[in-house]
Amino acid sequence: MTLTPTQLKAFDEQGYLFLPDCFAADEVAVLRAEAERIYQSDRQEVWREKSGAPRTAFAAHTYNQAFRLLGAHPRLIAPVEQLFGEQLYMHQFKINAKAPFDGELWQWHQDYGTWARDDGMPEPRAMNISVFLDEVLPINGPLMFIPRSHKQGTLAAGHDTTTTSYPLWTLDHETVKRLADEGGIVAPTGKPGGVLLFHGNLVHGSTANITPYGRIIVYLTLCAVSNHIRKPTRPDWIAHRDFTPIVPVADDALLQYARRYKTAAE
Ligand code: SIN
Ligand code: MN
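Note that the structure is predicted; figures quoted are calculated from it, not measured.

Draft legend 1. Region of the structure containing the coordination of the manganese ion (ligand 2). Protein coordination of the manganese ion (ligand 2) is provided by His109 (NE2), Asp111 (OD) and His204 (NE2), with donor distances spanning 2.1 to 2.2 Å. Within one chain, the residues donating to the manganese ion (ligand 2) are spaced in sequence as H-x1-D-x92-H. Residue histidine 109 is classed as buried on the basis of its relative accessible area of 4%. Residue aspartate 111 is classed as buried on the basis of its relative accessible area, which comes to 9%.

Draft legend 2. Molecular detail of the nonpolar core. Residues Phe67, Leu70 and Ile95 are the most contacted members of the largest nonpolar core, which totals 46 residues. With six residues, helix H2 (residues 25-40) is the single largest residue contributor to this core. Residues within four places of leucine 70 in sequence aside, it is in contact with Phe23, Leu31, Leu76, Phe93, Val131, Val218, Leu220 and Leu254. Within the second largest apolar cluster, 10 residues are counted, among which are Tyr16, Leu143, Leu202 and Ile217.

Draft legend 3. Focus on the site of ligand 1. Lining the immediate surroundings of ligand 1 are Lys94, Asn96, Lys98, Trp106, His109, Leu143, His204, Ser206, Arg215 and Tyr219. Here an oxygen atom of ligand 1 sits 3.0 Å away from a polar atom, N or O, in the side chain of histidine 109. Look at ligand 1: alone it shows 260 Å² of surface, and the protein chains cover 99% of it. Elements that contribute at least two residues to the shell around ligand 1 include exactly strand S4 (88-96), strand S5 (106-109) and strand S11 (204-206).

Draft legend 4. Just unusual backbone geometry, in detail. A positive phi is found at aspartate 21, a non-glycine position, where the angle reads about 55°. The residue aspartate 21 is located in the loop between strand S1 (16-19) and H2 in this model. The exposure class of aspartate 21 is exposed, given its relative accessible area of 66%. One non-glycine residue, alanine 59, lies in the positive phi region at around 60°. Tracing the backbone shows alanine 59 in the loop between strand S3 (54-58) and helix H3 (65-71). Residue alanine 59 is classed as buried on the basis of its relative accessible area, which comes to 1%.

Calculation rules
Residues numbered from 1 in each chain as written. Chains lettered and ligands numbered in written order. Predicted model: local features only at pLDDT ≥ 70, side-chain atom pairs only at ≥ 80, totals over all residues. Heavy atoms only, no water. Donors = N, O, S within 2.8 Å, 3.2 Å for Na, K, Ca; no water. Buried < 20%, exposed > 50% of the residue type's maximum accessible area, 1.4 Å probe, protein only. Core = buried A, V, L, I, M, F, W, Y, C linked by side-chain atoms within 4.5 Å. Helix = DSSP H or I, 4+ residues; strand = E, 2+ residues; numbered from the N terminus. Contact = heavy atoms within 4.5 Å. Near = heavy atom within 4 Å. Polar contact = N/O pair within 3.5 Å; in protein donor to acceptor, adjacent residues only side chain to side chain. Areas by Shrake-Rupley, 256 points an atom, 1.4 Å probe, with all protein chains shown as cover.

Below you can see the structure in the form of structure tokens.
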């Protein structure tokens, strides 16, 4: 899957791109079932909200076969390789839950702010490519973006370790207001199987989920190999140290796995 000139232009101008219908229902079903199984497990990689509900499961591509196949999926790797013009490694891999009623907010931030400050990543040549496993609705805590804010470089930020269970370099209200006055705020929504990619410097956040509708999104953070992190401070299951280029699997590898999984469950 390659991006068209129109998509490349939109990404460059706006800082994000939504690609609907990237994954089929069977592929999403196996990922969703495995995400729930991981959330129920007692692993250090599963972070919880203050309520105990799952918030983020890290590094599932290293211990779960369905997510291993997703982490090397050509439909995700190819567009990012195209954008960076080189091979990629996995800097971070998260399955973010936004549990029904309990999912807490993510404050306004730029991801590269954290990758630079906490991990020593030289340039914003890494980005998030997210896969919707649930329908992302306007009401269940979708990601909110400030379009074009990726053109602002890395903004000053404060380290917030108290608002949620997840420490984050967050932006102050004045900065967010200034940028939102210029670019507005959008919240891309879509069906399970949709993919949203966004620039490492795009300002984003999301509200709490007080609805009965969960919102699981998987985030691959794909980094250009030459831009590997230099000064990691976080555990290696949060900021990976394996800089081996990802070799994509076959396009139907996840689908074949999903079919075997479905048959075994029947
Ligand atoms: C993030 O910004 O890293 C996660 C936001 C979300 O899942 O809502
Ligand atoms: Mn983020």
